[in-house]
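Remarks on the overall topology
Residue-level listing of the chains:
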Amino acid sequence: MLRRLFAYLGERDPGLNNDVVATFVIPKATVPKFVFPKQTSRIKAARTLSARPVKRRVAAAKSFGAALSKAATSLAHPPRTRGRAAAPGTAAALWQSLGPDHVPSGQTYGTNRVDVIGRLSSIAVDPRDAKHLLVGAAGGGIWESKNSGANWSPCTDAMPSLAIGAVTFDPSSPARVYAGSGEGNFYANLGAGVYLSTDGGSNWTVLASAPFVGVGFYDLVVDPATPATLYAATTNGFYKSTNSGKSWTLKRVGRCWDISVDPGGGTVEILASFQDGLFVSTNGGNAFAAVAMPSLPSAAWTRLAVDRVASAPDIAYAFGAAGNASHFWRRSGTAWKKIKVPASLSVNQSWYDWFVAATPDKKGQVYIGAIDTLRGDLSGTTWTWTNITTQGNNSIHPDQHCLTFAPGASSTIYAGNDGGIYRSTNSGRTWKSLNKGLAITEIEYMASDPATSKWLMAGTQDNGTLRHTGGTKWDHIADGDGGDCGVDQQTSNIIYHSYYNVTLERSTNKGNSWSPLSPPNVASLFYPPVEVVGPTLAIGAVSLVVSRNSGASWAIVPLGLAANEVATTMRALDSNAVLLGTNFGKILQMDWTGTAWKKTTHASPAAKYISCIAVDPSNPQRYWVTSSQVSGAGGRVFRSDNGGTSWVNCTTGLPNIPFNSIVVDPADFRRVWVAGDVGVYQTSDLGASWAPFSNGLPNAMAVDLIFHRQDRKLICGTRNRGAWIVDIP
């Protein structure tokens, strides 16, 4: 997962990764070479970050977030008509959701299967109406249920960012709800500010963009004694507002993960966890002092969480990861005591999934979350720990991000993880999935059947590879992370999917069963590109990994790339020729001569990350490429009319955001679509001008495009809002 974060950030601006390396303890084996600027190699992997902010990386994140917010607010979002889509080919035609909004038989680490959907970062329950739920999806916005999760509605599709890190009700007036955009765990750079709803979460506005553009939220708390006072835990530090969120002041710099406020208010006590430890304030967060705890680790914190028992606020818990170990303390009165937790608790993803939640009305019960969630029960002086998320046939999806209690019924808990939201009414002994209708799947890649647009395959983040066969309920057809995938366009029953790294499996029955192909392990992106043309299978890495017999045997073909260079995208011209793009902006062509693969190096459109290559179906000499890297000189959309000998920058008229995918209309070579980190855009004049093509499309990251030639439909895959389709006249 950490490699995936490096790849995501480095693809857009390699300098953004310096923040991760400078903040966390990073195992050397985890750090990929391909997604860092040169100066990063001189940064030590393990350190404690200084409390002084690093202006360069903050400025880069702010600039990135500002560009995305500007692009999002410029997109038109007409009201969606319920029950009937606009007629195909009309000016009012809208993108329509393909889902998934229901994925049965998803994966767990137990013996059962569960409904899954996508990654949640936060859950809030209305303090005066236990049936009223709000959830924040990592990149899919805020969703509302008024019937305990039986049905869901999206509430923020037109907001400038759908990356949500925190959602909280005002306990004194639950119609007032706050949300922090920018998800601290992963999509921090997508922060667009604090959002406000005054109708319980159904409708939202931007309350304060500054100082949170490009900043991620971990926590957001309304002071229980003074509701006009709010506290925010963010990737930049601890912030405070005294005017109901309209303006904010940074009170302590350095990544802040968690906040616990005494029920009597912030002037009684605030506990806050930072990258340099646990701190306490007794003056409303205006000043902090370090908390003395016994047996602190010598290693730097990767994550540290804090919570307290609402009915007995002198009882508090701190749960952290440092080095290769977890650490847990309990405070009773003023004394902190270190408690041993099971050694089986994994800290491998502590930077990403980590929390502590104290049962509000029980002095001796607490939940700690990592990949799994454990419930701790204290009897006398003895703690009993129970894994409540991986427990045989009562398991739920792993990678736990948050846990919330129902008001007045602390045995009813809601768990949010990479699979979605789950409810238990008996403190985690059994679970029920609440994911049906929650369309927040994080798609990475797609592939389609050439005969029908009603069949689609998608690789997804931590929810495997999924299959669409016409409805919004999709099939889970492969476990793990779902990477790039492909359909044999000559025999569409034969399909391929990957996990991550250089992996590939083959199915001859459209995904009902799979056979592993075991390509050789070569250094690559977390999700390397895959191309399928008949029996020719190609995987892009530091070399070309290729088979000409459907995976029966493989060859590793050197590409002659520079140090730290890797293939980032591919496009097959036919079964004997493949185009590759790299993170350095190189365009290569590999041709099969009958006995060997011959390399041709084309001109480079720009020395930056190539995210997609398209070939005009009507002219094999016309290439299009996109770049998702906003840093550095050059554009982000280019066209070559002479097979890569020279390039025309076609970026004018597009927003200054990453572009991830590009397709050409087979019936009109002048018409091209590109997908960006927000929105889809269209040109009708070979890139001389562009216009938004996003009516009805949520402001989520658009990461993959397919043009279905036979059905004349454009399909867009998004991160945390699933797949979308629109008719093309």
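This one's a predicted model, so the numbers in the text were calculated from it and none came from an experiment.

Below, the discussion takes up the overall build of the chain. Helix and strand content of the chain: three helices and 58 strands. Relative to the globule expectation of 27 Å for 729 residues, the C-alpha radius of gyration of the chain, 25 Å, shows essentially globular dimensions. Put simply, 50% of the contacts in the chain that link residues at least 6 apart link residues at least 24 apart. Of the accessible surface of the chain, which amounts to about 25100 Å², a share of 50% is contributed by carbon and sulfur atoms. Here the chain holds 64 positive side-chain charges and 49 negative ones, and the gap between their average locations is 4 Å.

Attention now goes to the pattern of salt bridges. If you walk through the whole model with that rule in mind, you get 22 salt bridges. The residue Arg 467 makes a salt bridge to Asp 475 at a minimum N-O spacing of 3.2 Å. In this structure, Arg 712 engages Asp 665 in a salt bridge whose closest nitrogen and oxygen atoms are separated by 2.6 Å. Note that Arg 712 is positioned in the loop between β56 (701-708) and β57 (713-719) and Asp 665 in strand β52 (residues 659-665), a separation of 47 residues in sequence. Sharing partners across several salt bridges, the network here consists of Asp 262, Glu 269, Arg 308 and Arg 331.

A few words now on unusual backbone geometry. In the segment running from Gly 99 into Pro 100, the intervening peptide bond is cis, with an omega of 5°. Position of Pro 100 relative to the elements: it lies in the loop between β1 (96-99) and β2 (103-106). Note that the residue after Ala 210, namely Pro 211, is joined by a cis bond; omega there is 5°. Mapped onto the elements, Pro 211 comes out in strand β11 (residues 205-213). Phi at Ser 148 takes a positive value of approximately 65°, unusual for a residue other than glycine. On the secondary structure map, Ser 148 appears in the loop between β6 (141-145) and β7 (153-154). Located in the positive-phi region is Ser 518, a residue other than glycine, with phi close to 55°.

Across the eight residues of strand β22 (residues 325-332), six count as buried, placing the element largely inside the fold. In this sheet, β22 lies alongside strand β21 (residues 312-322) in antiparallel orientation, the contact comprising seven bridges. Counterpart to Phe 319 in the pairing with β22 is Phe 328. With antiparallel pairing between neighbouring strands as the criterion, β21 and β22 make up a hairpin whose turn holds two residues, including Gly 323 at a positive phi of roughly 65°. Counting the residues in the hairpin turn of β22 and strand β23 (residues 335-339) gives two residues, including Gly 333, whose phi is positive at 75°.

Before going further, it helps to examine the sheet that holds strand β18 (residues 277-281). Pairing is antiparallel in the open sheet, where four strands are placed in the order β16-β17-β18-β19. At either end of the open sheet lies a strand with only one pairing partner, and these are β16 (256-261) and β19 (289-290). As paired strands, β18 and β19 are joined by two bridges and run antiparallel to one another. Considered in β19, the bridge of Phe 279 is made with Ala 290.

The next point concerns the confidence of the model for the chain. Looking at the chain, the pLDDT average stands at 93 and 91% of residues meet or exceed 70. Across residues 36-56 the pLDDT falls below 50, and counting only partners more than four positions away or on other chains, this stretch makes 37 contacts in the model.

This part covers the sheet that holds strand β48 (residues 610-615). What the four strands build is an open sheet, ordered β48-β49-β50-β51; its pairing is antiparallel. Here the strands that pair on one side only, and so sit at the sheet edges, are β48 and β51 (648-649).

Considering the arrangement of structural elements, one finds Arg 331 in strand β22. Here Arg 331 falls in the buried class, since its relative accessible area comes to 7%. If sequence neighbours within four positions are ignored, Arg 331 has contacts with Glu 269, Leu 271, Arg 308, Pro 313, Asp 314, Ile 315, Ala 316 and Trp 336. Here Glu 269 takes part through its side chain, which lies 2.8 Å from a polar atom of the side chain of Arg 331. Within the local environment of Arg 331, its side chain forms a polar contact with the backbone oxygen of Pro 313, the two atoms lying 3.1 Å apart.

Before going further, it helps to spend a moment on the environment of Pro 127. If you trace the backbone, Pro 127 turns up in the loop between β4 (120-125) and β5 (133-137). Aside from chain neighbours lying at most four places away, what touches Pro 127 is Phe 169, Pro 171, Pro 174 and Pro 407.

Our focus in this paragraph is the side chain of Arg 467. In this fold, Arg 467 is placed in strand β34 (residues 465-468). Among all residues touching Arg 467, those that are not within four sequence positions of it are Trp 455, Leu 456, Trp 474, Asp 475, Ile 477, Lys 510, Gly 511 and Asn 512.

According to the stated counting rule, one finds zero disulfides in the structure shown. Cys 402 supplies the cysteine sulfur nearest to Cys 256, a cysteine that is in no disulfide, at a spacing of 17 Å. Free of any disulfide, Cys 402 has its nearest neighbouring cysteine sulfur in Cys 155, separated by 17 Å.

A separate point is the environment of Phe 238. Within the secondary structure, Phe 238 sits in strand β14 (residues 237-241). Judged by its relative accessible area of 0%, Phe 238 is buried. Between the C-alpha atoms of Phe 238 and Asn 286, which are 48 residues apart in sequence, the distance is 9.9 Å.

Any aromatic ring pair is given by two values, namely how distant the centres are and how the planes are angled relative to each other. Summed over the entire model, instances satisfying the criterion amount to 27 aromatic pairs. Taking the centre distance of 5.6 Å and the plane angle of 85° together, the rings of Phe 274 and Phe 279 count as edge-to-face. For the pair formed by Phe 274 and Phe 279, the shared burial category is buried. For the pair Phe 274 and Phe 288, a centre-to-centre distance of 5.7 Å together with 75° between the ring planes defines the contact as edge-to-face.

Here is what the cut-offs are and how they apply
Residues numbered from 1 in each chain as written. Predicted model: local features only at pLDDT ≥ 70, side-chain atom pairs only at ≥ 80, totals over all residues. Heavy atoms only, no water. Helix = DSSP H or I, 4+ residues; strand = E, 2+ residues; numbered from the N terminus. Rg over C-alpha atoms; globule rule 2.2 N^0.38 Å. Contact = heavy atoms within 4.5 Å. Areas by Shrake-Rupley, 256 points an atom, 1.4 Å probe, with all protein chains shown as cover. Lys, Arg positive; Asp, Glu negative; His and termini not counted. Charge placed at Lys NZ, Arg CZ, Asp CG, Glu CD. Salt bridge = Lys/Arg side-chain N within 4 Å of Asp/Glu carboxyl O. Buried < 20%, exposed > 50% of the residue type's maximum accessible area, 1.4 Å probe, protein only. Pairing = 2+ DSSP bridges. pLDDT = per-residue confidence, 0-100. Polar contact = N/O pair within 3.5 Å; in protein donor to acceptor, adjacent residues only side chain to side chain. Disulfide = S-S within 2.5 Å. Phe/Tyr/Trp six-rings, centres within 6.5 Å; stacked < 30°, edge-to-face > 60°.

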